[in-house]
Amino acid sequence: MNPIRKKRLTIVLFLLVGIGVAVGLTTYALRQNINLFYDPSQIAAGEAPVDVRIRAGGMVEEGSVVRDPESLKVVFRVTDFNASVPVEYVGILPDLFAEGQGVVAMGKINGRGRFVADQVLAKHDENYMPPEVADALEKASKGQNKAGETAQPESY
Amino acid sequence: MAFDSFSAFIAMEGHGPYVWTCYGVFFVLMVGLMAWSRRRRSATMAACRRNYERQERGQQRAARPAATFTRVEVSQD
Amino acid sequence: MWQFFHKLGSPKWFYGIATRLMPWLLVAGVLLLLAGIVWGLAFAPKDYLQGNSYRIIFIHVPTAFLAQSVYIMMAVAAVVTLVWRMKLADVFVKAVAPVGLVLTFLALFTGAVWGKPTWGTWWIWDARLTSMLILLFLYGGVIALDRAINDEKSAARAVAVLVLVGVVNIPIIKYSVEWWNTLHQPATFKLTEKPSMPAEMWVPLLLAVLGLYLIFGWLACLRMQTEILVREQRTRWVKDLVMAGRF
């Protein structure tokens, strides 16, 4: 390669590395803002501000959903299997909302450590499968759970 | 076939509007992009051809005085 | 190898190869894409959680995948433009930028329409969606910058630098779902792992991706030919080609 091209290539590489480092540092500094939501562990550890609009995300804890029979009010717990946060919400939930499914809620933490949501979004994972396969998997895992009831949290 | 009937295929258990909007916009834009790109090449060809033909005519009548106006060549995109 | 590289730099040689390649690219691309889409829409089983709305994946993933691949190809071409000053590399960048713009728009649009029934919202400012929106603006910026500069050589260099600056966005798009908390789920297709869906779902998806790739190849050839005609119209071979009427 002739020297002029070599020089140009070096300049291009420096340009790329420079921009990469600059953007890398910026996104690292802003990581808390780039994160869409706080997870329950962070909220339990007091990292999330109280009385400021934030998002909380995690799994809807199995058996925690309580619907008010007279209104659209729902209370449930969001967990990341280390900590969990109680959430209350009044409104229509997305179709995919279910126990054991991912969820992102927008709202404020009130003084009593309760998350009052004004919007609840469903979060799904990258696994797709036909309903029959899902049923079969669920049956298989139910069978296992009966064998060892307490084994479930560790399997996460 | 994942659906029992054609109407079930269109309805997609209530998700029809979402699915068909996506596919509709996808086809309109892709076909549009492809047709536009093709037309642009033909138009460029035609513009080049007109250019060459005028140049040749210009060479034949080189002795005559130049035209009193000039045509501006604009690419046809 | 170097000889091939030099040949590749010849617009005339490229024009001829493209003409011969294009019918195959178009036919194979359209067939693969349609096969993937019909299979995905009508024959693939529905998803246990999302039902039929997940069928949008068969165009969402191909357009999103292509949108990023096209940008990477443009970045490689930009390096070639800056270092080797090869004309065809610049022709490529200018020819495919509008295609990238349309593909990115389609990825965002299909994602939004998919998000409404599954997540419950059209749009959210999470890292994946925002970085994809930045990609749309990058494509727009490349097109605008090229139009704004009249001189061909200055335009080529300015555009190449912009493309290179923007390429840092590509790893951000790709890893956004792993580095940060996002509403968007992680990738379904990974190069190193088995896809997280059964074969009757991923095979049609793969067909659609390959098909769209080939159609992109056809579009790139066609649009590069157009750009070459404009730039080389003073040369003998373009005149012969145009006057012979063989397109």
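Parameters and conventions
- Each chain carries its own residue numbering, running from 1 in the written order of its sequence.
- Chains carry letters from A onward and ligands carry numbers from 1 onward, assigned in written order.
- In view of the model being predicted, local features appear only for residues whose pLDDT reaches at least 70, and side-chain atom pairs are presented and counted only at 80 or more, with totals across whole chains, interfaces and linings using the full set of residues.
- To get the side-chain values, all heavy atoms of the structure are used, and hydrogens and water are removed first.
- Think of it this way: any DSSP run of H or I at least four residues long counts as a helix, any run of E at least two long counts as a strand, and we number them from the N terminus.
- For each residue, the accessible area found with a 1.4 Å probe, counting protein chains only, is set against the maximum for its type, and the residue is called buried under 20%, exposed over 50%, and partly exposed in between.
- Throughout, the Shrake-Rupley method with a 1.4 Å probe supplies accessible areas, and for residues the shown protein chains are the sole cover considered.
- Our radius of gyration looks at C-alpha atoms and nothing else; its globule reference is 2.2 Å times the residue count to the power 0.38.
- Contacts are assigned to residue pairs that have any heavy atoms within 4.5 Å of one another.
- Salt bridge, as used here: a side-chain nitrogen of Lys or Arg that lies within 4 Å of a carboxyl oxygen of Asp or Glu.
- Counting of polar contacts relies on pairs of N or O atoms within 3.5 Å, with two restrictions inside protein: one atom must be capable of donating a hydrogen and the other of accepting it, and residues adjacent in sequence are counted only when both atoms are side-chain atoms.
- Once two parts are joined, some of their accessible surface, as seen by a 1.4 Å probe, is lost; buried area is that loss totalled over both.
- What we call a nonpolar core is a set of buried Ala, Val, Leu, Ile, Met, Phe, Trp, Tyr and Cys residues that are connected through their side-chain atoms within 4.5 Å.
- A fitted line through C-alpha atoms serves as each axis, taken over the contacting stretch for helices, and the angle formed by two N-to-C directions is quoted from 0 to 180°.
- Reported orientations rely on four angle classes, namely roughly parallel under 35 degrees, roughly antiparallel over 145, roughly perpendicular from 65 to 115, and oblique for the rest.
- We call a crossing left-handed when the near helix sits turned anticlockwise from the far one by less than a right angle, and right-handed when that turn is clockwise.
- Throughout this entry, Asp, Glu, Lys and Arg are counted as charged residues, while Ala, Val, Leu, Ile, Met, Phe, Trp, Tyr, Cys and Pro are counted as nonpolar. The remaining residues, Gly among them, count as polar.
- Buriedness for pockets is judged along seven lines, at least five of which must meet protein on both sides within 12 Å for an open set on the 1 Å grid over protein atoms alone, while cavities are sets there where a 1.4 Å probe fits but cannot get out, and lining residues have an atom within 4 Å of a point.
- Grid points are joined across faces, edges and corners, and a volume is the space filled by probe spheres set on the points.
- A residue's pLDDT is the confidence the predictor assigns to it, expressed on a 0 to 100 scale.
- Any two strands with at least two DSSP-identified bridges between them are counted as paired.

Report on the overall build of chain B, specifying residues and quantitative values.
On a plain count of helices and strands, chain B comes out with two helices and zero strands. Classification of the 77 residues of chain B by burial places 27% in the buried group. Surface exposure of chain B reaches about 5,400 Å², of which carbon and sulfur atoms provide 58%.

Explain the overall build of chain A residue by residue, including any values.
A count of helical and extended segments in chain A gives four helices and six strands. Secondary structure elements of chain A occur, N-terminal to C-terminal, as α-α-α-β-β-β-β-β-β-α. A compact globule built from 156 residues should have a C-alpha radius of gyration of about 15 Å, whereas chain A, at 23 Å, is more than 25% larger. Principal-axis analysis of the C-alpha atoms gives chain A an extent of 75 × 45 × 30 Å. Burial status across chain A gives 35% buried among its 156 residues. Taking the intrachain contacts of chain A between residues at least 6 apart in sequence as the baseline, contacts between residues at least 24 apart amount to 48%. Total accessible area computed for chain A in this model is approximately 9,500 Å², and 57% of it derives from carbon and sulfur atoms.

For the interface of chain B and chain C, give the residues involved together with the corresponding values.
Tallying the contact residues gives 33 residues for chain B and 49 residues for chain C. At the surface where chain B touches chain C, the tally comes to two salt bridges. In this structure, the salt-bridge partner of Glu56 of chain B is Lys239 of chain C, at a minimum N-O distance of 3.3 Å. Applying the counting rule to chain B against chain C returns eight residue pairs in polar contact (both at pLDDT 80 or more).

Tell me about the interface of chain A and chain C, and name the residues and values.
Listed by partner, the interface residues are 37 residues for chain A and 44 residues for chain C. Buried surface at the junction of chain A and chain C, both sides included, amounts to about 3,500 Å², of which 66% is carbon and sulfur. Linking chain A to chain C there are zero salt bridges. Joining chain A to chain C, the criterion identifies ten residue pairs in polar contact (both at pLDDT 80 or more). Elements with a contribution of two residues or more to the side of chain A that touches chain C: helix H1 (3-29), helix H2 (31-34), strand S6 (115-123) and helix H4 (131-147) of chain A. Broken down by element, the residue count for the side of chain A that touches chain C peaks at ten residues, all from H1 of chain A.

Just give me the short version of the side chain of Glu227 of chain C, but keep the residues and values in it.
All names here are of chain C. Relative to the helices and strands, Glu227 is located in helix H8 (residues 199-231). Here Glu227 falls in the buried class, since its relative accessible area comes to 17%. With near-sequence residues (within four places) excluded, Glu227 lies in contact with Val91 and Lys94.

Describe the nonpolar core, naming the residues involved and giving the relevant values.
Grouped together as the largest cluster of nonpolar side chains are 95 residues, with contacts concentrated most on Tyr71, Met74 and Val163 of chain C. Element by element, the count of residues in this core is highest for helix H3 (residues 57-84) of chain C, at 17 residues. In this view, Met74 of chain C contacts Phe92, Val93, Val96, Ala97, Tyr139, Val142 and Val163 of chain C; residues no more than four positions away in its chain are not counted. One finds Ala48, Val65, Val103 and Ala117 of chain A within the second-largest nonpolar core, a separate group that totals 21 residues.

Explain the packing of helix H4 (residues 87-118) of chain C against helix H5 (residues 127-148) of chain C residue by residue, including any values.
All names here are of chain C. Taken N-terminus to C-terminus, the directions of H4 and H5 make an angle of 150°; their axes are 9 Å apart at the nearest point. By the angle class used here, H4 and H5 are roughly antiparallel. Along this stretch, H4 crosses H5, giving a crossing that reads as left-handed. Counting all contacts with H4, which are made through Val93, Lys94, Ala97, Pro98, Gly100, Leu101, Thr104, Phe105, Ala107 and Leu108, the residues of H5 involved are Leu129, Met132, Leu133, Leu135, Leu136, Tyr139, Gly140, Val142, Ile143 and Asp146. A class-by-class count of the residues in the contact of H4 with H5 yields 15 nonpolar, three polar and two charged.

Requested: an account of the layout of surface pockets, with residues and values cited.
Residues and elements named next belong to chain C. Each pocket or cavity is described by its volume, and for the second largest pocket that value is around 1,100 Å³. Lining the second largest pocket are 41 residues, with Val61, Phe65, Gln68, Ala187 and Phe189 sitting closest to its centre. Per-element accounting of the lining of the second largest pocket gives the leading share, eight residues, to H3. Of the residues in the lining of the second largest pocket, the class split is 27 nonpolar, ten polar and four charged.

With reference to specific residues and values, describe the packing of helix H2 (residues 16-60) of chain B against helix H9 (residues 236-244) of chain C.
Packing of H2 of chain B against H9 of chain C leaves a shortest axis separation of 9 Å and a crossing angle of 100°. Regarding the angle of H2 of chain B to H9 of chain C, the classification is roughly perpendicular. Residues Met45, Cys48, Arg49, Tyr52, Glu53 and Glu56 of chain B of H2 of chain B lie in contact with H9 of chain C, whose contacting residues are Val238, Lys239, Leu241, Val242 and Met243 of chain C. Of the residues contributing to the contact of H2 of chain B with H9 of chain C, the split by class is seven nonpolar, no polar and four charged.

Can you explain the confidence of the model for chain B? Please cite residues and give values.
Per-residue pLDDT for chain B has a mean of 83; in total, 79% of the residues score no lower than 70. Among the prediction metrics, the complex's ipTM stands at 0.90, with pTM recorded as 0.87.

Run through the pairing of strand S5 (residues 102-109) of chain A, naming residues and quoting values.
All names here are of chain A. For S5, the tally of buried residues reaches seven of eight residues, placing the bulk of the element in the interior. Across six bridges, strand S1 (residues 54-60) lies against S5 in antiparallel orientation. Pairing of Arg55 across the sheet is with Met106, part of S5. With eight bridges joining them, S5 and S6 adopt antiparallel strand pairing. Following the sheet pairing, Gly102 is matched in S6 by Lys123. In textbook terms, the turn of a hairpin is the stretch between consecutive antiparallel strands, and for S5 and S6 this stretch comprises five residues, one of which, Gly113, has a positive phi near 75°.

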